[in-house]
Amino acid sequence: MGTKTENEAENQPAEEVVKPVEDTTVETASEEEIAEEAVAKEAESSKVIENDANQLQARLDKAYGETAELQNKYLRKAADVDNMRKRLARDRKEIADNAITGLLEDMLPALDAFRLGLVAVEGKGGTEEVVKGFAMALEQMNDMLLRRGLETIDPVGKPFDPALHEALSQEPSGEVEEGKVVSVMRVGYRFNERLLRA
């Protein structure tokens with residue numbers, strides 16, 4: 001059996017048994033306060049998200065800027081390489097042309113000697129074979145030089161051009177109009193549009 005107080009409580013009617021209730025007060029928040037708190041948390045959360053988005057956007061903008069700068073540098077370097085390639089090709093051609101020009105200038109007196117020899121023997125008896133030989137050799141030499149870019153400037157019968165011709169004298173002629181070339185003492189040459197000798 002139990003103690004006296006327990007027995008007494010068992011013997012008493014149910015209405016009389018009152019258990020002591022602790023005095024506790026539970027504060028319940030109103031719906032407005034809960035809503036305000038949720039809005040505040042949401043605002044704070046959106047500020048954090050917005051701040052993170054701004055930081056990410058700044059990093060992205062910086063990366064795009066660096067990419068554009070690198071692209072620009074690449075294009076400039078590519079253009080520099082292309083210009084250098086063109087300059088080297090132009091310089092190489094100029095060096096080759098200058099080397100050929102020197103050789104051709106050295107050959108011009110020999111060509112003049114061929115022409116003068118042909119003029120000297122033309123019309124003399126018994127020299128037809130020699131004239132043919134000189135003419136063939138001169139023609140072959142001119143063809144070879146023409147393939148290499150050397151052009152003969154023979155202005156007989158054409159208007160006098162001081163940029164291409166040197167005048168030694170003026171002669172009256174009934175066959176050729178005034179201002180035109182009557183005869184040539186030394187033929188002029190042009191190599192790749194560059195005047196070697198007027």
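Residues numbered from 1 in each chain as written. Predicted model: local features only at pLDDT ≥ 70, side-chain atom pairs only at ≥ 80, totals over all residues. Heavy atoms only, no water.

Participant: Hey, could you run me through the overall build of the protein in this one?
Facilitator: A tally of regular secondary structure across the protein gives three helices and three strands. Along the protein, from the amino end to the carboxyl end, the secondary structure elements read α-α-α-β-β-β. The proportion of buried residues among the 198 residues of the protein is 13%. Considering only intrachain contacts with a sequence separation of at least 6, the fraction spanning at least 24 residues in the protein is 62%. For the protein, the computed accessible surface area is about 16800 Å², with 54% contributed by carbon and sulfur atoms. (Helix = DSSP H or I, 4+ residues; strand = E, 2+ residues; numbered from the N terminus. Buried < 20%, exposed > 50% of the residue type's maximum accessible area, 1.4 Å probe, protein only. Contact = heavy atoms within 4.5 Å. Areas by Shrake-Rupley, 256 points an atom, 1.4 Å probe, with all protein chains shown as cover.)

Participant: Teacher, can you tell me more about the confidence of the model for the protein here?
Facilitator: Reading fine detail from the predicted coordinates is not recommended where pLDDT is low. Of all residues in the protein, 85% attain a pLDDT of 70 or more, and the chain-wide mean is 79. Considering each helix and strand of the protein separately, the mean pLDDT is smallest for helix 1 (residues 4–11), with a value of 53, and largest for helix 2 (residues 31–121), with 86. (pLDDT = per-residue confidence, 0-100.)

Participant: Sorry, what's going on with the sheet that holds strand 3 (residues 194–197) here?
Facilitator: Note on sheets: strands pair through backbone hydrogen bonds, and any given pair is parallel or antiparallel. One open sheet accounts for three strands, arranged 1-2-3; its pairing is antiparallel. The two strands at the open ends of the sheet, each matched to only one other strand, are strand 1 (150–153) and strand 3. Averaged over all neighbouring strand pairs, the angle between strand axes comes to 30°, with direction disregarded. Strand direction decides the pairing type here: strand 2 (residues 188–191) and strand 3, joined by three bridges, are antiparallel. Its bridge partner being in strand 3, Arg190 is matched across the sheet by Leu195. (Pairing = 2+ DSSP bridges. Axes fitted to C-alpha atoms, helices over the stretch in contact; angles between N-to-C directions.)

Participant: Is there a simple way to explain helix 3 (residues 128–147) in this structure?
Facilitator: Its 20 residues give helix 3 an end-to-end C-alpha distance of 28 Å, which sits within 8% of 28 Å, the value for a rise of 1.5 Å per residue. Those residues of helix 3 that sit buried are Val131, Leu138, Asn142 and Leu145. Viewed along the axis of helix 3, the buried residues span an arc of 65°, placing them on a single side of the element. Opposite the buried face of helix 3, by more than 90 degrees, sit the exposed residues Glu129, Lys132, Met136, Glu139, Gln140 and Arg147. Tucked into the core, helix 3 has its buried residues touching helix 2 and strand 1. Positive phi shows up at Gly149, right after helix 3, with a value of about 110°. (Expected span 1.5 Å × (residues − 1). Arc of directions from axis to C-beta.)

Participant: How should I be thinking about the side chain of Thr101 in this particular structure?
Facilitator: Inspection of the secondary structure assignment puts Thr101 in helix 2. Judged by relative accessible area, which is 3%, Thr101 ranks as buried. Among residues more than four places away in sequence, those in contact with Thr101 are Phe191, Arg194 and Leu196.

Participant: Got a minute to help me understand a negative patch on the surface in this structure?
Facilitator: A surface patch of like charges, here negative, comprises Glu31, Glu32, Glu33, Glu36 and Glu37. You can see Glu37 is positioned in helix 2. (Patch = residues over 30% accessible without salt bridge, like charges linked within 9 Å, V, L, I, M, F, W, Y side chains within 5 Å. Salt bridge = Lys/Arg side-chain N within 4 Å of Asp/Glu carboxyl O. Lys, Arg positive; Asp, Glu negative; His and termini not counted. Charge placed at Lys NZ, Arg CZ, Asp CG, Glu CD.)

Participant: Before we go on, may I ask you to explain helix 2 in this structure?
Facilitator: An α-helical turn contains 3.6 residues, so any two residues separated by three or four positions project in the same direction. Counted at 1.5 Å a residue, the expected span for helix 2 with its 91 residues is 135 Å, and the 130 Å between its end C-alpha atoms agrees. Along helix 2, the sharpest change in direction is near 30° and occurs at Met107; proline Pro109 comes one to four residues later. Every buried residue belonging to helix 2 is among Asp97, Thr101, Leu104, Leu108, Leu111, Asp112, Arg115, Gly117 and Leu118, and all of these are buried. (Bend = angle between axes of the 7 residues up to and from the residue.)

Participant: Help me out: how do you make sense of the packing of helix 2 against helix 3 in this one?
Facilitator: Packed helix pairs are characterised by how far apart their axes lie and by the angle those axes make with each other. Interaxial distance between helix 2 and helix 3 falls to 10 Å at its minimum, and their mutual angle equals 150°. Considering their axes alone, helix 2 and helix 3 lie roughly antiparallel with respect to each other. For the pair helix 2 and helix 3, the sense of crossing is left-handed. On helix 3, the residues touching Leu104, Met107, Leu111, Phe114, Arg115, Leu118 and Val121 of helix 2 are Val131, Phe134, Ala135, Ala137, Leu138, Met141, Asn142, Met144 and Leu145. By residue class, the composition of the contact of helix 2 with helix 3 is 14 nonpolar, one polar and one charged. (Parallel < 35°, antiparallel > 145°, perpendicular 65-115°, else oblique. Left-handed = near helix turned anticlockwise from the far one by under 90°. Nonpolar A, V, L, I, M, F, W, Y, C, P; charged D, E, K, R; others polar.)

Participant: Got a minute to help me understand the nonpolar core in this structure?
Facilitator: For soluble globular proteins, nonpolar side chains are generally found buried alongside one another. In this structure, Leu104, Leu108, Leu111, Leu118, Val131, Leu138, Leu145, Leu150, Val187, Tyr189, Phe191 and Leu196 together form the largest nonpolar core, which totals twelve residues. When contributions to this core are tallied by element, the ones reaching two or more residues are helix 2, helix 3 and strand 2. (Core = buried A, V, L, I, M, F, W, Y, C linked by side-chain atoms within 4.5 Å.)

Participant: Is there a simple way to think about the pattern of salt bridges in this case?
Facilitator: Think of it this way: side chains of opposite charge can pair up when their charged atoms draw near. Taken as a whole, this structure holds three salt bridges when the rule is applied. A salt bridge links Asp82 to Lys86, with the nearest nitrogen and oxygen atoms 3.4 Å apart. Highlighted residues: Asp82 and Lys86, both in helix 2, separated by four residues, approximately one helical turn. Asp82 gets classed as partly exposed once you look at its relative accessible area, which sits at 33%. Here Asp97 ties to Lys93 by a salt bridge, and the two come within 3.0 Å at their closest N and O atoms.

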